[in-house]
2 protein chains.
Amino acid sequence: MNQEKLREFEPIFYPQSIAVVGASRDEQKIGTRYLKALLTAGFKGKLFPINPKAREIMGLKTFPNINSVPDPVEYVIATIPRELIANLLDDCIQKKVRVIQMFTAGFSETGEEGQRLEKEIIRRARQGGIRVIGPNCIGVYCPASKMPGPWQLGKPGAVAFVSQSGGHTGKLIDEGIAREIRFSKVVSFGNGSDLDSVDYLEYLGADPETKIIGAYLEGVKDGGRFFRLIRELSKSKPVVIWKGGRTEIGARAAASHTGSLAGQNIIWTAALKQVGAIKVGGLEELADTLLAFQFLPKIEDNNVALIGGLVDGAGGPSVAGSDACADVGLNIPPFTEEIREKLKGLIPLEGSITQNPLDLSRIGENLGILSQVMELVDDDPQTSLVILNEDVNLLLRNMSTSALRYLTNFLINFKKAATKPLVIVSPPGLSYVQRAEEGKRLLEAEIPVYPSFERATKAIMNVIKYWRNRSQIL
Amino acid sequence: MNQEKLREFEPIFYPQSIAVVGASRDEQKIGTRYLKALLTAGFKGKLFPINPKAREIMGLKTFPNINSVPDPVEYVIATIPRELIANLLDDCIQKKVRVIQMFTAGFSETGEEGQRLEKEIIRRARQGGIRVIGPNCIGVYCPASKMPGPWQLGKPGAVAFVSQSGGHTGKLIDEGIAREIRFSKVVSFGNGSDLDSVDYLEYLGADPETKIIGAYLEGVKDGGRFFRLIRELSKSKPVVIWKGGRTEIGARAAASHTGSLAGQNIIWTAALKQVGAIKVGGLEELADTLLAFQFLPKIEDNNVALIGGLVDGAGGPSVAGSDACADVGLNIPPFTEEIREKLKGLIPLEGSITQNPLDLSRIGENLGILSQVMELVDDDPQTSLVILNEDVNLLLRNMSTSALRYLTNFLINFKKAATKPLVIVSPPGLSYVQRAEEGKRLLEAEIPVYPSFERATKAIMNVIKYWRNRSQIL
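Because the structure is predicted, anything quoted here is derived from the model rather than measured.

The rules behind the values
As a convention, each chain's residues are numbered from 1 in the sequence order in which they are written. Starting at A for chains and at 1 for ligands, labels are handed out in the order in which the entities are written. The model is predicted, so local features are restricted to residues of pLDDT at least 70 and side-chain atom pairs to those at 80 or more, both for listing and for counting; the totals for chains, interfaces and linings are taken over all residues. The basis for the side-chain values is all heavy atoms of the structure; hydrogens and waters are excluded. Whether two residues are in contact is decided by their heavy atoms, any of which lying within 4.5 Å being enough. As a working definition, buried area equals the accessible area (1.4 Å probe) given up by two parts on being put together, with both sides summed. When a carboxyl oxygen of Asp or Glu is within 4 Å of a side-chain nitrogen of Lys or Arg, the pair counts as a salt bridge. Two N or O atoms count as a polar contact when they lie within 3.5 Å, although within protein this holds only if one can serve as hydrogen donor and the other as acceptor, and sequence-adjacent residues are included solely when both atoms are side-chain atoms. The helix and strand labels rest on DSSP assignments: H or I over at least four residues marks a helix, E over at least two residues marks a strand, and numbering proceeds from the N terminus. Classification used: nonpolar for Ala, Val, Leu, Ile, Met, Phe, Trp, Tyr, Cys and Pro, charged for Asp, Glu, Lys and Arg, polar for all others including Gly. Only residues with pLDDT of at least 70 in both copies count here: their C-alpha atoms drive the least-squares fit that superposes the copies. DSSP bridges decide pairing: two strands pair if at least two such bridges lie between them. Angles here are taken between N-to-C directions and fall from 0 to 180 degrees, while the axes themselves are lines fitted to C-alpha atoms, restricted in helices to the stretch in contact. For every residue, the accessible area (1.4 Å probe, protein chains only) is compared with the maximum for its type, and the residue is labelled buried under 20%, exposed over 50%, or partly exposed between those bounds. The arc under discussion is defined with respect to the helix axis, by the directions toward the C-beta atoms. Only buried residues count toward a nonpolar core. Its members are Ala, Val, Leu, Ile, Met, Phe, Trp, Tyr and Cys residues joined through side-chain atoms within 4.5 Å. Note on aromatic pairs: the rings of Phe, Tyr and Trp (six-membered ring only in Trp) are paired at centre separations within 6.5 Å, and the planes decide the class, stacked below 30 degrees, edge-to-face beyond 60, tilted for the rest.

Q: Would you take a moment to explain the interface of chain B and chain A for this structure?
A: Often, the extent of an interface is quoted as the loss of accessible area on bringing the components together. In this complex, chain B contributes 79 residues to the contact, which on the side of chain A involves 79 residues. In total, about 5700 Å² of surface goes out of reach between chain B and chain A, with carbon and sulfur atoms giving 53% of it. At the junction of chain B with chain A, the criterion picks out four salt bridges. One salt bridge connects Arg-246 of chain A with Asp-327 of chain B, and the closest N-O pair in it is separated by 2.8 Å. The interface formed by chain B and chain A includes 24 residue pairs in polar contact (both at pLDDT 80 or more). Elements supplying a minimum of two residues to the side of chain B that touches chain A: helix H2 (30–41), helix H5 (166–179), strand E12 (239–243), helix H8 (248–258), helix H11 (315–328), helix H14 (392–398) and helix H16 (432–444) of chain B. The biggest single contributor to the side of chain B that touches chain A is H11 of chain B, with ten residues. By residue class, the composition of the side of chain B that touches chain A is 29 nonpolar, 29 polar and 21 charged.

Now the structure itself:
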């Protein structure tokens, strides 16, 4: 069964050759952007620009139509107007193309005429043995096979994402590159007329490269099949779902966007919970949660240690971090008496907090003391994760950029040796370049980094909820 | 009454001379940082470093104690250990100092002994006619009088902020400089033993420079007086309150931080609502809401126009923006038939949405068409505000940096001519430098900019809530 699924999707995520229909000499055209992205990413298979008016595009021999390509064509990217799609489909059937990804829009999302056209196209494609991605979609992004879609290619990894929105997909990939969320497969499938969310999700369940699954959905066609599948998938992989159009106004927008009937939020919420999926409310929580699943181990205990800051001014953040923890159900148990006594020997009394949360006053500047403190926190038997606030802007008022770099190195080394996972909060501010640089280094060391306590704690709790639920159902 | 209040606080926010007790030749010492910040900001009054071991600090003649200063000293910044505070106070009384701001910590927030010490110091200060800011606080930040605290000085403006956390204060000032939130007066008052939140708030109510008031509070001493005051202030100025320690765990942290008894969240929530204050949940919402009050006019109507994006990929954001609007109670009424017809003549059918929300497909690249579209949106009689998604990262995939700059210029000019206020959502991504630059230009043009629909809509709704409530109570 799994082997069959993997074989079925082989031409979708690992095609040997791609034709880009609608590429041109105009660099701003979407077809050209697909082609350029494939060339830039170093796609290993054959590439065929299709354009009746050009002989060569970006140094590649260009063909007037699919049938004039001498080699086999496995995968077609269609960016031409909808009026030309029927003819293209005929050509593709003749050429024994396996997959068409239709960027082309103007189908069921625009009304009755579009619905009719879409149905007809899918019927003919199925007859001809061609799978359709879309229409009205951006298609596949797969770092392992160097298929970037029209985007920049990031690192390969274990996170998959299926989406009814190309915009959100692009944004998540963008966030992924910025925040080290590394993808196995991403597919923006738009109207999903042939291959739909459940098809992709079934494949991702079988895919050995995929360990975590995210989805942006505005609606599903067969709710029963969908929820049964999610329950099955959740037994082995976390499934994180962002439901678009969860309000009445949002649902109206979704109908115009992908022609989806959005369905009632209350039903979705209950059903997703029941099948063990993690429901998120927007792109931020989606990215935050995928990042947490990617870098955090299995974790079921909700007791955490909180370090409000490394230099002066950590009292307020300690309170805010505590509120954020409590809001989502994370607990901050006071350190054991033994550990508190040892901490008191290291941290000055004034302007500090030696319970949990920990406000280190200014000792963050002394890495010798900081390492002893962090080891004590790591030793505390009552917590299973450490949340630390590294406010780059605040730190740079107290130390040089190179001292900040040492501090980040220290945190990276601590993470490597520690028994507990470390999550870092790095709030925005004026020093956005240094913040981005230090944040990137932490992320490259596989430490999840968040811009606020609220976002960090939500993501952590989503991970805990998943593992608790998984223990229950198994 | 008002004149009296203003006179009373004159030495606090507009002192003629400041002595920094504890400044030294060590640049990392907090006293030295206060002194350096005052010099950098160009404080106009006289500055006296006080240090028995130095003759000169940063080019300024240094005195061994307050009494050896030949000129009058109006305002003292104390950064010395708590054991030395009693003697300093004696000196200050003798010198007829008006105000002491005590950075010094280790008082009531540390337990019984600290509480006793704090009480005794405040008693003596009152006897001697000296007002105390703190202890355990960072003190005053006032751009108009070039008092930066230990921070960088931003532009003067109409937003005041009072806070029990120095950390949050620094962070908000930092956000303010980055996001053009311009302050009249800010005071971090820590334990607030002498002058407390209500004292500062009363002053800010009277202060003609202050139009909007923000507060971070962990507790208040006299709830009745506090809530009566907020009700009075809210009649003429929005009061935005972030309550720290609103959860049990957070309250415990607050007790260690400022010795505050945090009080029950449910009571706070109800009471703040009743007196017309706007309650926010954290630093992000606080800054977002102050920014919205600063740049948005009086607005009571909750019907908005939403532009999901300016180039491809705006379908998903249109849905997400709609959900975010609906979540907070903003409505997105469809455009009138007349306007829709005109829009259809300008925007291609495929891949666009011509209702409200509006998905412009790729026409954002054509400023001629965009200006006609934006004028139509501005003309629609059913909405009173426009929310527009300018995704810099996405735009830079479609246009050059200079074209993006033209687009931002266009938005700035549109805002100047438009009848409706404009709010821009600028989500983060890889192009963080360009995003910061374009965002800064929009903010300088007094257009509120937010990183997500969620944050924008929350802030907008907070403004609407305030004006609706004010209409009701007046």
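Q: Quick question: what am I supposed to make of the relation of the copies chain B and chain A here?
A: Superposition of the two copies of the chain requires a rotation about an axis together with a shift along that axis. Between chain B and chain A, which share one sequence, the superposing operator has a rotation angle of 180° and an axial displacement of 0.0 Å; the RMSD is 0.0 Å. Here the two chains are linked by the operation of a two-fold rotation axis. Most of the interface of chain B is mirrored in chain A, where 100% of its interface residues are also at the interface.

Q: Honestly, the sheet that holds strand E6 (residues 99–102) of chain A in this entry has me stumped. Any pointers?
A: Paired through their backbone hydrogen bonds, the strands of a sheet run either parallel or antiparallel. Residue and element names in this part refer to chain A. Strand order across the open sheet formed by five strands is E2-E1-E5-E6-E7, with parallel pairing between neighbours. Unpaired on one side and paired on the other, strand E2 (46–50) and strand E7 (131–133) mark the two borders of the sheet. Shown here is a sheet whose adjacent strand axes are inclined to one another by a mean of 20°, direction ignored. Sheet contacts for helix H2 (residues 30–41): strand E1 (17–21), E2, strand E5 (75–78) and E6; angle to E1, the most-contacted strand, approximately 155°.

Q: Explain helix H3 (residues 85–95) of chain A to me, please; I cannot follow it from the model alone.
A: Given 3.6 residues per helical turn, the α-helix brings residues three or four places apart onto the same face. All names here are of chain A. Every buried residue of H3 is accounted for by Ile-85, Leu-88, Leu-89, Cys-92 and Lys-95. Down the axis, H3 shows its buried residues gathered within 125° of arc, on one side only. Opposite the buried face of H3, at more than 90 degrees from it, the exposed residues are Asn-87 and Gln-94. One or two positions beyond H3, positive phi appears at Lys-96, with a value near 60°.

Q: In this structure, what is going on with the sheet that holds strand E15 (residues 358–359) of chain B? I would like to understand it.
A: All names here are of chain B. Read from one edge of the open sheet, five strands run E15-E14-E16-E17-E18, paired in parallel fashion. With partners counted over all chains shown, the strands left at the sheet margins are E15 and strand E18 (449–450), one partner each. Relative to strand E16 (residues 386–389), strand E14 (residues 305–309) is paired through three bridges, and the arrangement is parallel. When the sheet's bridge partners are listed, Leu-306 is paired in E16 with Ile-387. Helix-sheet contacts for helix H13 (residues 367–379) involve E14, E15 and E16, and the interaxial angle to E14 is about 155°.

Q: Is there a simple way to explain the nonpolar core in this structure?
A: One broad trend across soluble globular proteins is that nonpolar side chains are buried collectively. Residues and elements named next belong to chain A. Within the largest apolar cluster, 141 residues are counted, with the highest numbers of intra-cluster contacts made by Phe-226 and Ile-387. With nine residues, the single largest contributor to this core is helix H17 (residues 453–473). Not counting chain neighbours up to four residues away, the residues in contact with Phe-226 comprise Ser-197, Val-198, Leu-201, Leu-217, Val-220, Ile-241, Trp-268 and Leu-272.

Q: It is not clear to me how the packing of aromatic side chains should be interpreted in this structure. Could you clarify?
A: How two aromatic rings sit relative to each other is given by the distance of their centres and the angle of their planes. Residue and element names in this part refer to chain A. Under the criterion given, the structure shown has 30 aromatic pairs over all chains. For the pair Phe-48 and Phe-63, a centre-to-centre distance of 6.0 Å together with 70° between the ring planes defines the contact as edge-to-face. Of the two residues, Phe-48 is situated in strand E2 and Phe-63 in the loop between strand E4 (60–61) and E5; the sequence distance between them amounts to 15 residues. In terms of burial, Phe-48 and Phe-63 fall into one category: buried.

Q: When you look at the side chain of Asn-303 of chain B in this model, what are you seeing that I'm missing?
A: Residues and elements named next belong to chain B. Examined against the element boundaries, Asn-303 turns out to sit in the loop between helix H10 (283–295) and E14. In terms of polar contacts, Asn-303 uses its side chain to reach the side chain of Asn-331, at 2.8 Å. Ignoring sequence-local partners within four residues, the contact set of Asn-303 consists of Asn-331, Pro-333, Gln-382, Thr-383, Ser-384 and Leu-385.

Q: Mind showing me how you'd approach the environment of Asp-196 of chain A here?
A: Residue and element names in this part refer to chain A. Topologically, Asp-196 is positioned in the loop between strand E10 (183–188) and helix H6 (197–206). In this structure Asp-196 comes out as buried when scored by relative accessible area, which is 10%. Spatially, the C-alpha atoms of Asp-196 and Pro-238 are 20 Å apart, while their sequence positions differ by 42 residues. Excluding residues within four positions of it along the chain, Asp-196 makes contact with Phe-189 and Lys-221.

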